[in-house]
Amino acid sequence: MNKLSLLGVLFLLICGCSKEVTKKISVHNQWNDRPEMDIFIDSLMTEMTLEEKIGQTVLFASWWDITGPVSDNDFVDDAIQGKVGAVFNALTADFIYRMQKEVVEKSRLGIPLLFGYDVIHGYRTTFPTPFAMSASWDLDQIEKSCRVAAVEAAADGLNWTFAPMVDIARDPRWGRIAEGAGEDPYLGSLIAAAQVRGFQGTDLSDEATVLACAKHFAAYGAAQAGRDYHTVDISERVLRDVYLPPFKAACDAGVATYMTAFNELDGTPCSAHEHLLNDILKEQWGFDGFVVTDYTSIKEMVNHGSVADEKEAGEASMNAGVDMDMQSGIFMNHLKQSVEEGKVKEATVNEACRRILEMKYRLGLFEDPYRYCRPDEDKQSKIKSPEHFALAHEMARKSIVLLKNEDQLLPLNKEQLNSIALIGPMTDEQKQQLGAWHTTGQPETVTTILTAFKEKLGSKTKIYTAKGCDWEGDDRSGFAEALAAAKKAEVVVMCMGERENMGGEAASRVHIDIPLIQKELIKEVYKTGKPIVLLLHNGRPLTITWENEHLPAILECWHLGSMAGPAIADVVFGDYNPSGKLTATFPQHLGQVPIHYNMKNTGRPYNPKDHFTTRYQDCSNDPLYCFGYGLSYSSFEYSAVTLDTNTLTPDGKITASVKVTNTSNVDGEEVVQLYIRDLVGSVTRPVKELKGFQKVMIPANTAVDVSFEVSVEDLAFWRKDMSYGAEKGEFLLFIGTNSDVEESVKFELCTDADVEPYGIRK
Ligand code: BGC
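Residues numbered from 1 in each chain as written. Predicted model: local features only at pLDDT ≥ 70, side-chain atom pairs only at ≥ 80, totals over all residues. Heavy atoms only, no water.

Asks: Explain the pairing of strand E22 (residues 689-698) here, please?
Replies: Two faces, one strand: in a regular strand the side chains alternate between the faces of the sheet. Across the 10 residues that make up E22, a large majority, seven, are buried. Two elements, strand E21 (residues 668-678) and E22, share nine bridges in a ladder whose sense is antiparallel. Bridge assignment links Val672 to a residue of E22, and that residue is Gln694. (Buried < 20%, exposed > 50% of the residue type's maximum accessible area, 1.4 Å probe, protein only. Helix = DSSP H or I, 4+ residues; strand = E, 2+ residues; numbered from the N terminus. Pairing = 2+ DSSP bridges.)

Asks: How should I be thinking about the environment of Ala466 in this particular structure?
Replies: Here Ala466 shows up in strand E13 (residues 462-466). Distance from Ala466 to Ser682, taken between C-alpha atoms, is 59 Å for residues 216 residues apart in sequence. Those residues within four positions of Ala466 in sequence are excluded, and the remaining contacts are Leu422, Ile423, Gly424, Thr427, Glu481, Ala482 and Ala485. (Contact = heavy atoms within 4.5 Å.)

Asks: I keep staring at a negative patch on the surface and nothing clicks. Help me out?
Replies: Taken together, Asp622, Asp740, Glu742 and Glu743 make up a surface patch of like negative charges. Mapping Glu742 onto the fold places it in the loop between strand E26 (729-736) and strand E27 (745-749). On the basis of relative accessibility, which here comes to 63%, the residue Glu742 falls in the exposed class. (Patch = residues over 30% accessible without salt bridge, like charges linked within 9 Å, V, L, I, M, F, W, Y side chains within 5 Å. Areas by Shrake-Rupley, 256 points an atom, 1.4 Å probe, with all protein chains shown as cover. Salt bridge = Lys/Arg side-chain N within 4 Å of Asp/Glu carboxyl O. Lys, Arg positive; Asp, Glu negative; His and termini not counted. Charge placed at Lys NZ, Arg CZ, Asp CG, Glu CD.)

Asks: Sorry if this is basic, but what is going on with the side chain of Asp138 here?
Replies: Here Asp138 lies in the loop between helix H7 (130-134) and helix H8 (139-155). On the basis of relative accessibility, which here comes to 13%, the residue Asp138 falls in the buried class. Not counting chain neighbours up to four residues away, the residues in contact with Asp138 comprise Lys398 and Lys695.

Asks: I tried to follow helix H15 (residues 330-340) on my own but got confused; where do I start?
Replies: Each α-helix winds once per 3.6 residues, and so residues spaced three or four apart point in a common direction. Among the residues making up H15, those that are buried are Ile330, Phe331, Leu335, Ser338 and Val339. For H15, the buried positions fall inside an angular range of 100° around the axis, keeping them on one side. Seen from the open side of H15, the exposed residues pointing more than 90 degrees away from its buried face are Asn333 and Glu340. Taken together, the buried residues of H15 touch helix H4 (50-56), strand E1 (58-61), helix H14 (310-320), strand E10 (325-326) and helix H16 (346-362). In the stretch just after H15, Gly342 is the one whose phi turns positive, near 80°. (Arc of directions from axis to C-beta.)

Asks: Help me understand the packing of aromatic side chains, please; the structure alone is not making it clear to me.
Replies: Each aromatic ring pair is summarised here by two numbers: the centre-to-centre distance and the angle between the ring planes. Tallying each qualifying case throughout the model produces 27 aromatic pairs. When the centroid spacing of 5.6 Å and the interplanar angle of 50° are considered together, the rings of Trp137 and Phe627 count as tilted. Of the two residues, Trp137 sits in the loop between H7 and H8 while Phe627 sits in the loop between helix H23 (564-572) and strand E17 (636-638), which places them 490 residues apart along the sequence. Note on Trp137: relative accessible area 2%, which makes it buried. Ring geometry for Tyr625 and Tyr629: centres 5.1 Å apart, planes at 15°, overall stacked. (Phe/Tyr/Trp six-rings, centres within 6.5 Å; stacked < 30°, edge-to-face > 60°.)

Asks: Could you clarify how one ought to interpret the site of the ligand in this entry?
Replies: Around the ligand, the surrounding shell holds 13 residues, and the nearest of these are Asp118, Arg176, His216, Asp294 and Glu505. Here an oxygen atom of the ligand and a side-chain polar atom of Asp294 are 2.5 Å apart. Take Glu505: an N or O atom from its side chain is 2.7 Å from an oxygen atom of the ligand. Bound to the protein, the ligand loses 93% of the 310 Å² it would expose on its own. Taken together, the residues of the shell around the ligand sort by class into seven nonpolar, one polar and five charged. (Near = heavy atom within 4 Å. Polar contact = N/O pair within 3.5 Å; in protein donor to acceptor, adjacent residues only side chain to side chain. Nonpolar A, V, L, I, M, F, W, Y, C, P; charged D, E, K, R; others polar.)

Asks: What am I meant to see in the sheet that holds strand E5 (residues 213-217) here?
Replies: The strands making up a sheet associate through hydrogen bonds between their backbones, and the pairing can be parallel or antiparallel. One open sheet holds the three strands; their spatial order is E5-E6-E9, and the pairing between them is parallel. Lying at the two open borders of the sheet, with one neighbouring strand each, are E5 and strand E9 (290-292). Strand-to-strand twist of the sheet, defined as the mean angle between neighbouring strand axes without regard to direction, takes the value 25°. Relative to strand E6 (residues 257-260), E5 is paired through four bridges, and the arrangement is parallel. Residue Phe217 lies in a different strand from E6, and its bridge partner there is Thr260. Most of the contacts of helix H11 (residues 245-252) go to E5, to which it runs at about 155°, and overall it touches E5 and E6. (Axes fitted to C-alpha atoms, helices over the stretch in contact; angles between N-to-C directions.)

Asks: Looking at this structure, how should I read the nonpolar core?
Replies: Soluble globular proteins tend to pack their nonpolar side chains together in the buried interior. Within the largest apolar cluster, 181 residues are counted, with the highest numbers of intra-cluster contacts made by Trp160, Tyr258 and Phe453. Those residues within four positions of Tyr258 in sequence are excluded, and the remaining contacts are Cys213, Ala214, Phe217, Phe247, Ala250, Cys251, Leu281, Trp285, Phe287, Phe290, Val291 and Val292. Membership of the second largest hydrophobic core comes to 30 residues, among which are Val696, Ala716, Trp718 and Ile735. (Core = buried A, V, L, I, M, F, W, Y, C linked by side-chain atoms within 4.5 Å.)

Asks: Would you mind going over unusual backbone geometry with me for this structure?
Replies: Note: most residues except glycine have negative phi, and most peptide bonds are trans. In this structure, Ala218 follows Phe217 across a cis peptide bond, with omega equal to 5°. One can find Ala218 in the loop between E5 and helix H10 (236-243). Following Leu410, the chain continues into Pro411 via a peptide bond in cis, with omega recorded as -5°. The residue Pro411 is located in the loop between strand E11 (401-405) and strand E12 (419-423) in this model. The backbone phi angle of Asn89 is positive, close to 70°, even though this residue is not glycine. Relative to the helices and strands, Asn89 resides in the loop between strand E2 (86-88) and helix H6 (93-106). A positive phi is found at Trp558, a non-glycine position, where the angle reads about 45°.

Laid out in structure tokens, this is it:
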């Protein structure tokens, strides 16, 4: 039977009449309402040959120019033969429409393709990098930014994003720290769920949503020595306590797909990791979407040395729970033979194919293969709309972290400022503000710092500018101009840090300081004696110990995307009071890495009076800026914490309260943070763990009461016997402005309590 007529008949059989289709499909795209989807897919699969089922598991990148002819590409011919189920890196609705049409009309069964892309922090309207956004601790705003990205990407024909990256990262050498939410599993989990909600909405068949993809499963951020793709060897306990929670949170939020990681874990490459994929993800968590590999990672198993050849790699991968092969072509080339030889069960291929078809169904593609890509002016007009730029502006302001502000140098008073110097490679940069993995982001959408300062200051303030030097290298020829600019100005703003591609994939670095040439320039300008405001642009924590010691004001401005300039100008000139807080520790020195706030106490905790305690000879153990750190133009005071009871029962709760007073004359937002320490455990426990936070606006000279409820869920961990639960005993509870909070109150859990594991559905 011809494909379109087959799909049509199936729909008519299932839905009764075509008029009803739209309504019914959207009803049946709800996650839990399966029957009609199952009947449809069962019927479709009975028509499919083994090759066609394997075809659904094959994903290839489109390399054409967007105007390139469809028929020139091999894999479109393959797709027409039913050998390819999904495409990534194809861009524009028009182009995707043509490709979809070719495949739907010419292939035997007319099964529509999925179209994926790395829509990481915005599509055309670019938001701050994910790491920067995490510093806002603003889940609602993060969700909205993913929503905007989905609306724009979907308007341009895409229906699947390879985001969010939910890898916990404790090593700033690893460039991909820029793509995630930092070092903390609790915060990382909340952000992961917000991102999934943002991309997917509540109904996948809504044309303004895309499938999300939680990546990279798993523990990719734990690469040895922070070197990308490197070996990962961590305990099952650390895997479950630290690295898996954001993935589970994504699952609970209904994420449609997962991407495997490039790394091996405990000797097995993640793209063939049965324990991770089949056991934990699919069985224990009940994940019912599909798993795609990372780029050619099946093929790379031969290099890992876990299989002899590509065919074996494909078998290991499919048998471990992978459903779709990104770019290696191995499923396409070898899987049929593997099934014929009995190395892979046909049922396993059927299962993978079914999971992929289900997602196509849930997107509504069987009802209308062109629902995402049919050129639609109304949808297209949303791309780069003023509303989207307004959201990007708000997100950028919320992502900025004030690291230092001696003598309240900031905010600068624009009414009284006669002259200012703007120095550094980021001063008038568009492309670099887009940040790592900006993919479809367009430099011309970026308002630079210089442009925004000019707009903010008008003509009455003289702005002297000089690039001074490049991001790296040893060309000092611009120093003189920069020094001259500095000397003429009342205050100097230096826009320094990392180029966007110093973060992201394959961007690990052994120097995590401001690159040497820029540092030298900062030191030269410092010698002029002018007050310096340092604007830092970077994708990772940096070791800016010298700058912290010598410069009066430092603002962490990351790579903030399209609205970087206006957001920075708002903060520098006091039109916005910064409230961001770091989500990964900034070390004093690279030699301290890995360093994170939730470390263990050790048997010899540091004691300045005792030489034989855990420490370095040449550097203290303290970070430069701890997790959760960030200042404001307001000042906040915390009262002592009070508890309504000191004893927690397994089904009860404790309310912990604190009064936070804004002791300044400026309204300000504060992220009030709750940490807990379990003093004695069947296995050792971290010295502190984030268990709650609230972002509150506190008017000037006003106090607010902030309360948190604590229950056994907050005390649970993977115990010695690998069961999940809380153990009776004493706990310390801290509420403060960052993870360095010292004052605590004690409470007790009166008995052991099993808790539903975050990772296991009953
Ligand atoms: C990256 C993934 C990305 C994929 C497709 C890989 O190199 O690791 O994060 O989604 O490419 O572009």
